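Structural overview
Letter by letter, the chains look like this.
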Amino acid sequence: MRCFIVPEGASSATQNSYAQIIAIHAALLSNGKIVFFSGDQHDPGQFAHSAFDHARLFDCVTFAITPCTPAPTITDLFCCGHAFLPDGRLMISGGTLRFDHFLGTIQAWIFDPASAAFQNTASMSHGRWYPTLITLGNGRVLAVSGANDDPNNTEQNRDLEVFDGASWNVEGILSYGTDTLYPRLHLLPDGRVFFVSSMNGQSMAWSEGLATPTPVCSSPFTTGFPDHTSVLLPLLHEENYAPRIMVANMPQPQIIDLSLASPAWTNTGGRSLPVDEFLTTPTPARSNGTLTMLPTGEVLSAGGHESYGDEAHPVLAPEIYRHETDSWVVLPSRTTVSRGYHSVALLMPDGRVWFAGSDKRCDWSFHNSLDFPNPPEPTDLQQIVNGVPVDNRELRIEIFEPWYFSRTDRPVISISQQSVAVGRTITFTTPQAGSISRVALLRAGSTTHAFNSDQRYVGIPFTVSGNTVQVTVPDNENLVPPGPYMLFVLAQVVDPQIGATIDVPSVGHWITVANGKSHKELVKEIKPEIEYVKAELEFDPKAIVEVDDPFATVVDPPEMLERIARAVDNLSRIVGGSRSFIKPSERPMLPLISKERLAAVPIHPLDKDTLARQLKMEGMMAQPQMEEGKEEHNHRHDPVMDGQAEKSAKDMDSRRKDKKKR
Ligand SMILES: [Cu+2]
C-alpha cells in the first residue's frame, strides 16, 4: 500500500505542473483513459477571455497526458454536471454562463472517448450551474438543480429534465428552489432517484411519472451545501440488493438502509485518526473530501479539510469504510497533497485510485498575464505575491495503491465478452474458479465537487464449472443502469503472512451493460401499432356492404406504409439487439404531467440567508445580492439556441408567474 505523485521520481517542478490544467471534472472512460476538464479553470480572467478550452486525457497505464481535440470553446464547462450515456459517451450539461454572481448555461455537450472530442448537443430549457446528472435505468440522463440562466430569478433550476439521446424534456419539478446545488443523488434498484441532500430538511425520492419528489425521511443535513458527499454502498445479491447509502465528510458519518419499511439515518461505527501536525481532532471533518468504491466493496475516504477551505488542516490519512462490519480503518499510507474544493478521485481499471485537482485556496484560480495582454484586475480575493496573482490550481496527480494492488495472488481472468444485456450472462475462465467469492460490476465513475454520480457496485450471482464461471446480470435495469462497467472477480486466498483467508480482487475487465428492458418496453409499444396495421388490412365485408363507397374504409396507402415501416424499424431494433435510447415518439406510455399538476406543486419563497450562503461557495464572495436587470443574454450564445431558449424561457416564466399568483 502506497501513494505517489506522478511521474514518480520526476522533479517537483515537473510534478507540480503535470496535469497542465486543474481537474475539476473527471471521468474514467472505457478505453482506460481519464478525461478531465475545467472550462475557465475557476479563473475570472480566463472567463473574461472565453478561454474555456481546458480538457486533457490521462492514460491509466502509461500516465501520459494528452489533449482533447476539439475541447469546447463556446461553453464554459466550469461547474457543469455529467453522467455516462449507455454507449459509454459522457453526457455533460450546464456550466458557467456568468462568473460572480454565477449563472448557469443551458448548453449541453457529449464527450466521445473514441474521438476524444466534445460535441455540442441539444440545449436544456434553462441554465444549470452546479447541477447533478444521473443515468436512469432506461438509459436517459436526469439533470437536477443548478443556478439558472436568468439573473432575475434567484431560484435554482427546479426542472427535473431528462435527456433521451436527442432532446431534453421536463418531466417533473422540485418542490424547493433553494439549497439544492449539486444534490447527492442515487438511483435505487426500484427505480427511484433518492436525494441525500436536504430539501427543506428532508431526504426525498423521485421517479419518472411523478410530478415532484416525495419525502422519504428527514435528511442528515439542514442545508444543501455540497462539501459533504455520499455513496451507494455495494448492492449484493446475497443481501437481495438492499440499497444502503452512506454520507461522509462530517466528523460522524451516517448511513441509511432504504430496504427498511421506515428508513432513517443512523450513525456509522466511529472513526479515530492519529492526531498529526495538521489535525486538531481524531474525528476531523473532511470538507470536500472524496469517497471511492474499491473492487473489494470497501469505500476509500480521502482528502478534504477539517473545515471548508481550511488549508492549514488537510486530512492526509485515507480511511476505509467496511459496510459488512460497519467499521472505519485508518490507512498507514498517507497522501501528500492537500485536496479540498474542486478536487477529484476515481477508481482506475487496475484497482488503483487517481487523485487530482483542488483549489490551493478557495478563491479564484489565477489568470496568467502572459496569456492575456490586458487581463482584468485581480479581485481582492485573489492572492497576490510581488504584484502577480498566485496560481491557485493544484496540478499534481497522485496515485494510491490499495493493499491488494501489488499482490501476486490476484485472480486472473480470461474473457472475450465485451457487452451484456440485463438478464443475460457473462462467461469467463480463470484458474482460480474454485476459490471465487464474488463477481462484481463496478460502473465507471464520473465525478466533480466531491461527488461521483456514476460510481456503483453490484455483486451478482455466479456458477462455477471447472475453470469456467458463468455470471448472470440481474434482469433489473434500475439495479444495473446501462453504460460502461468493469467486471472484477474476488478470490479467496490464504495470506501466508497473517494466516487468514482474505478476498483479493482481479483487475477490472471492461463490459458494456445494455438496457434489456427497453426491448420489453418496445414490445409493449409496438403491439398497438401492429394491431393498427392489422385492423386496417383486415377485410370487413360488413362495412363494405353498409357504405355506398367501398373504398372509404381503405386507408391512405402512404400513411399505412409509413406506419408499417415504423413498426418494422422497431422490430428490427428488437431483433438486432440492444439499443441505447427510446426516442420521444417511441416512448412507452407514462402518465403525462399536466400543466395543472405542475402548477399544483407548492412554491416555497426564497430564503435570503440560504441564497447568500450558496453564492459564497465560489470564492467566498462578500456581496451576494443579485444585480437585477443588468444582465442580457451572454454574447457567446448560439443565436439559434438562443431563440429556442427564449421561447421555452417564456413558457416556463409564465408557468412560474401563474403559480406565484396562487
Ligand atoms: Cu465549483
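Definitions and cut-offs
- Residues numbered from 1 in each chain as written.
- Predicted model: local features only at pLDDT ≥ 70, side-chain atom pairs only at ≥ 80, totals over all residues.
- Helix = DSSP H or I, 4+ residues; strand = E, 2+ residues; numbered from the N terminus.
- Buried ≥ 20, exposed ≤ 12 C-beta atoms within 10 Å, placed from the backbone.
- Contact = placed C-beta atoms within 7 Å.
- Pairing = 2+ DSSP bridges.
- Core = buried A, V, L, I, M, F, W, Y, C linked by C-beta atoms within 7 Å.
- Axes fitted to C-alpha atoms, helices over the stretch in contact; angles between N-to-C directions.
- pLDDT = per-residue confidence, 0-100.

On to the overall build of the protein, then. What the protein contains, in helices and strands, is 8 helices and 44 strands. Considering the protein as a whole, with its 662 residues, one finds that 50% of them fall into the buried category.

Our next topic: the environment of Thr-501. The topology assignment puts Thr-501 in strand β43 (residues 501–505). Ignoring any residue separated from it by four or fewer positions in sequence, one finds Thr-501 in contact with Gln-492 and Val-494.

Spatial ordering of the open sheet is given by β20-β22-β23-β24, a layout of 4 strands whose pairing is antiparallel. Two strands bound the open sheet, and with one partner strand each, they are β20 (229–232) and β24 (266–267). Where β20 lies against strand β22 (residues 244–248), 4 bridges are found, and the strand directions are antiparallel. From the neighbouring strand, Val-231 faces β22, where its bridge partner is Met-246.

Every second residue of strand β2 (residues 25–28) is oriented toward a common face, with His-25 and Ala-27 on one face and Ala-26 and Leu-28 on the other, all of them buried. Summarising the sheet, β2 and strand β3 (residues 33–37) pair through 4 bridges and their orientation is antiparallel. Each residue of the ladder has a partner; that of Leu-28, found in β3, is Ile-34. Hairpin connection of β2 to β3: 4 residues between the antiparallel strands, including Gly-32 at a positive phi of 85°.

Of all hydrophobic cores here, the largest spans 145 residues; its most connected members are Ile-34, Val-35 and Trp-354. Sort the elements by how many residues they give to this core and strand β42 (residues 483–494) lands first, with 7 residues. If near-sequence neighbours (up to four positions away) are discounted, Trp-354 is found in contact with Ile-34, Ala-345, Leu-346, Met-348, Ile-397 and Ile-399.

Looking now at the sheet that holds strand β6 (residues 81–84). Ordered in space as β6-β7-β10-β11, the 4 strands form an open sheet in which the pairing is antiparallel. The open sheet has two edge strands, β6 and β11 (117–121), and neither has a second partner. Put simply, the sheet's adjacent strands are angled 25° from each other on average, direction ignored. Across 4 bridges, the pairing between strand β7 (residues 90–93) and strand β10 (residues 108–112) is antiparallel. Paired with Ile-92 across the strands is Trp-109, a residue of β10.

Of note, the amide linkage connecting Val-6 to Pro-7 takes the cis form, showing an omega dihedral of -10°. Counting through the fold element by element, Pro-7 comes out in the loop between β1 (2–6) and α1 (12–16). The phi torsion at Ser-358 lies on the positive side, around 125°, for a residue other than glycine. Note on placement: Ser-358 falls in the loop between β30 (353–357) and β31 (384–385).

With respect to burial, strand β29 (residues 343–347) is a largely interior element, 5 of its 5 residues being buried. Side chains of β29 alternate between two faces, with Ser-343, Ala-345 and Leu-347 and Val-344 and Leu-346 buried alike. Here β29 pairs with β30 via 5 bridges, running antiparallel. Residue Val-344 lies in a different strand from β30, and its bridge partner there is Ala-356. The turn joining β29 and β30, which pair antiparallel and follow one another in sequence, is formed by 5 residues; a positive phi near 95° is taken by Gly-351.

This paragraph deals with the confidence of the model for the protein. Summary statistics for the protein give a mean pLDDT of 83 and a share of 75% for residues scoring 70 or more. Here residues 574–594 scores under 50 on pLDDT; set against residues more than four positions off or in separate chains, the count is 39 contacts. Between residues 618–662, whose pLDDT stays under 50, and residues either more than four places distant or in other chains, the model counts 48 contacts.

What follows concerns the environment of Ser-446. As for its position among the elements, Ser-446 is in strand β37 (residues 446–448). Classification of Ser-446 by C-beta neighbours within 10 Å gives buried; the count is 31. With 421 residues separating them in the primary sequence, Ser-446 and His-25 have C-alpha atoms 7.7 Å apart. The residues touching Ser-446, leaving out its near neighbours within four places in the chain, are Ala-27, His-82, Ala-83, Phe-84, Leu-90, Asn-452, Ser-453 and Asp-454.

The next point concerns the environment of Gly-459. Relative to the assigned elements, Gly-459 resides in strand β39 (residues 457–460). By C-beta crowding, Gly-459 is classed as buried, having 20 other C-beta atoms within 10 Å. When the C-alpha positions of Gly-459 and Val-439 are compared, they lie 5.7 Å apart, and in sequence the two are 20 residues distant. The residues touching Gly-459, leaving out its near neighbours within four places in the chain, are Pro-234, Leu-236, His-237, Arg-438 and Ala-440.

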